[in-house]
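# Descriptive structure summary
Here is what each chain is made of, one letter per residue.
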Amino acid sequence: MAALKACRSRRHQLARRRMSHDSISSTIHDSAARGFDRSAGDYERGRPEYPAAAIDLLARELRIGPGSSVVDLAAGTGKLTRGLIRTGARVIAVEPVQGMRTELIRAVPGAEVLAGTAEAIPLADESVAAVLVAQAFHWFDTPLAAHEIDRVLTPGGGLGVIWNVWDETVGWVARMQELVGAYRVDTPQRGTSGWREQLAATALFTPMSDRTLTHVVSGSLDVLLARTASISFIATLPEADRMRVLENVRALVIAEQPEGWAQDELKMPYLTQVSWCRRRR
């Protein structure tokens, strides 16, 4: 056991040295590095927070609360961070993109924010009770990230993964997603990245439990357009193409949701998918 811990500590020290020698942005996917840096303001304005019921579920299953320390990994602008803070836990937000960290610090005053990646988490061995990942696992090198998450978790610690995804059973949402998705090219996707299978293959964690909750968010057309603009592969488009996408989304919503658009009360239907597991060791 001592030899294993020494080996893991050496691996962590090497990861930290790599981060000091290379810019963090060079270790993450180009679409994420450029897109989220450019669209951080749109991300904060357009992305929904997570429903209280989802936060309560994770807090209960992973024993998050006063006296515990948790990591919000790839925290973005802190959409999950602020919900976790309300549990009373000590929350450490780790985010690689400078633009996102700037928005996080502004949006969540007093948040504990660190620069870092899922593959090189800037924390000590066995230092946190839970690691939470929102909207981000498809960006990770899953085997490396799994070992890093395992390293920083205390014995029996938990991993939670949460996504707000559009409810594409709603007709206009499906058509909007088809319009936007045409620009995706080879950008990693939640549904096709294989992150769940790769995580299971590491055998570091127990099988995942899953729950899906409905999550309808109300907002203006401008909020919906900011949500579209915050998508990494839309944010990295040439400006003329980016504006064309936003105008096409605007036209679709005006045509298909005239009352909601006119009253600045669009009903934006999401599903919140929650998964959790525990460190085996």
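Look up: the structure comes first, before these words.
Residues numbered from 1 in each chain as written. Predicted model: local features only at pLDDT ≥ 70, side-chain atom pairs only at ≥ 80, totals over all residues. Heavy atoms only, no water.

## Digging into the pattern of salt bridges
Inclusion rule: By salt bridge we mean one thing: a side-chain nitrogen of Lys or Arg within 4 Å of a carboxyl oxygen of Asp or Glu. Only runs of H or I of at least four residues qualify as helices and only runs of E of at least two qualify as strands under DSSP, and these elements are numbered from the N terminus. Classification of residues uses two cut-offs on accessible area relative to the type maximum, computed with a 1.4 Å probe and protein chains only: under 20% is buried, over 50% is exposed, and between them is partly exposed.
Within the structure shown, the criterion is met by 18 salt bridges. Linking Arg45 and Asp42 is a salt bridge whose minimum nitrogen-to-oxygen distance equals 2.4 Å. Of this pair, Arg45 and Asp42 both sit in helix 3 (residues 40-46), 3 residues apart, which is roughly one turn of that helix. Between Arg90 and Glu112 there is a salt bridge, with the nearest N and O atoms lying 2.7 Å from each other. Placement of the pair is Arg90 in strand 2 (residues 90-94) and Glu112 in strand 3 (residues 112-114), with a sequence separation of 22 residues. Here Arg90 falls in the partly exposed class, since its relative accessible area comes to 42%. One salt-bridge network, in which partners are shared between bridges, spans Glu44, Glu49, Lys79, Arg82 and Arg86.

## Section: the packing of helix 10 (residues 221-229) against helix 12 (residues 239-256)
The description of two helices packed together rests on the angle between their axes and the distance between the axes. Under the convention used in this document: Axis definition: a line fitted to C-alpha atoms, limited for helices to the stretch in contact. Angles are taken between N-to-C directions and run from 0 to 180 degrees. Roughly parallel means an angle under 35 degrees; roughly antiparallel, over 145; roughly perpendicular, 65 to 115; everything else is oblique. Left-handed describes a crossing whose near helix is turned anticlockwise from the far helix through less than a right angle; right-handed describes the clockwise counterpart. We call two residues contacting when some pair of their heavy atoms lies within 4.5 Å. Each residue gets one of three labels, nonpolar for Ala, Val, Leu, Ile, Met, Phe, Trp, Tyr, Cys and Pro, charged for Asp, Glu, Lys and Arg, and polar for the others, Gly among them.
The contact between helix 10 and helix 12 brings their axes to 10 Å, and the two run at 140°. With respect to each other, helix 10 and helix 12 are oriented oblique. Taken as a pair, helix 10 and helix 12 cross one another with a handedness that is right-handed. On helix 12, the residues touching Leu221, Asp222, Leu224, Leu225, Thr228 and Ala229 of helix 10 are Arg242, Val245, Leu246, Val249, Arg250, Val253 and Ile254. Residues that form the contact of helix 10 with helix 12 fall into these classes: 9 nonpolar, 1 polar and 3 charged.

## So, the side chain of Asp167
Looking at the element boundaries, Asp167 is found in the loop between strand 5 (153-166) and helix 8 (171-181). When near neighbours in sequence (up to four residues on either side) are disregarded, Asp167 contacts Val173, Pro269, Tyr270 and Leu271.

## Quick notes on the packing of aromatic side chains
Here is the rule we go by: Any two of the Phe, Tyr and Trp rings considered here, Trp counted by its six-membered ring, make a pair once their centres fall within 6.5 Å; the pair's planes then place it as stacked at under 30 degrees, edge-to-face at over 60, or tilted in between.
Inspection of the entire model under this criterion finds 5 aromatic pairs. The interplanar angle of 50° and the centroid separation of 4.9 Å between the aromatic rings of Phe137 and Phe140 together place this pair among those described as tilted. Seen in terms of ring centroids, Trp166 and Tyr270 are 4.3 Å apart; in terms of plane orientation they differ by 20°. Their pairing is stacked. Of the two residues, Trp166 sits in strand 5 while Tyr270 sits in strand 7 (residues 266-278), which places them 104 residues apart along the sequence. The pair Trp166 / Tyr270 is uniform in exposure class, with both members buried.

## Some details on the environment of Gln198
What counts is decided by this rule: For the purposes of these results, a polar contact is taken to be a pair of N or O atoms within 3.5 Å, where, inside protein, one atom must be able to donate a hydrogen and its partner to accept one; residues adjacent in sequence count only when each atom of the pair is a side-chain atom.
Looking at the element boundaries, Gln198 is found in helix 9 (residues 195-201). By relative accessible area, which is 32% here, Gln198 ends up partly exposed. Sequence separation between Gln198 and Ala146 is 52 residues, and the spatial gap between their C-alpha atoms is 9.0 Å. With residues up to four places along the chain from it excluded, the contact list for Gln198 reads Thr142, Pro143 and Ser193. Within polar-contact distance, the side chain of Gln198 engages the backbone oxygen of Ser193 at 3.1 Å.

## Some thoughts on the pairing of strand 4 (residues 128-134)
The side chains of a regular strand alternate, first on one face of the sheet and then on the other. The cut-off we apply is this: By this definition, two strands are paired if DSSP reports at least two bridges between them. Orient the strands so they point away from the viewer; a crossover is then right-handed if the path from the first strand over the helix to the second runs clockwise.
The element strand 4 is largely enclosed, with a buried count of 6 among its 7 residues. Summarising the sheet, strand 1 (residues 69-73) and strand 4 pair through 4 bridges and their orientation is parallel. Residue pairing in the sheet places Val71 in a bridge with Val131 of strand 4. Pairing analysis gives 6 bridges linking strand 4 to strand 5, with the strands arranged parallel. Considered in strand 5, the bridge of Val131 is made with Leu159. Handedness of the crossover joining strand 4 and strand 5 through helix 7 (residues 142-152) is recorded here as right-handed.

Read these as spatial facts, not as claims about activity.
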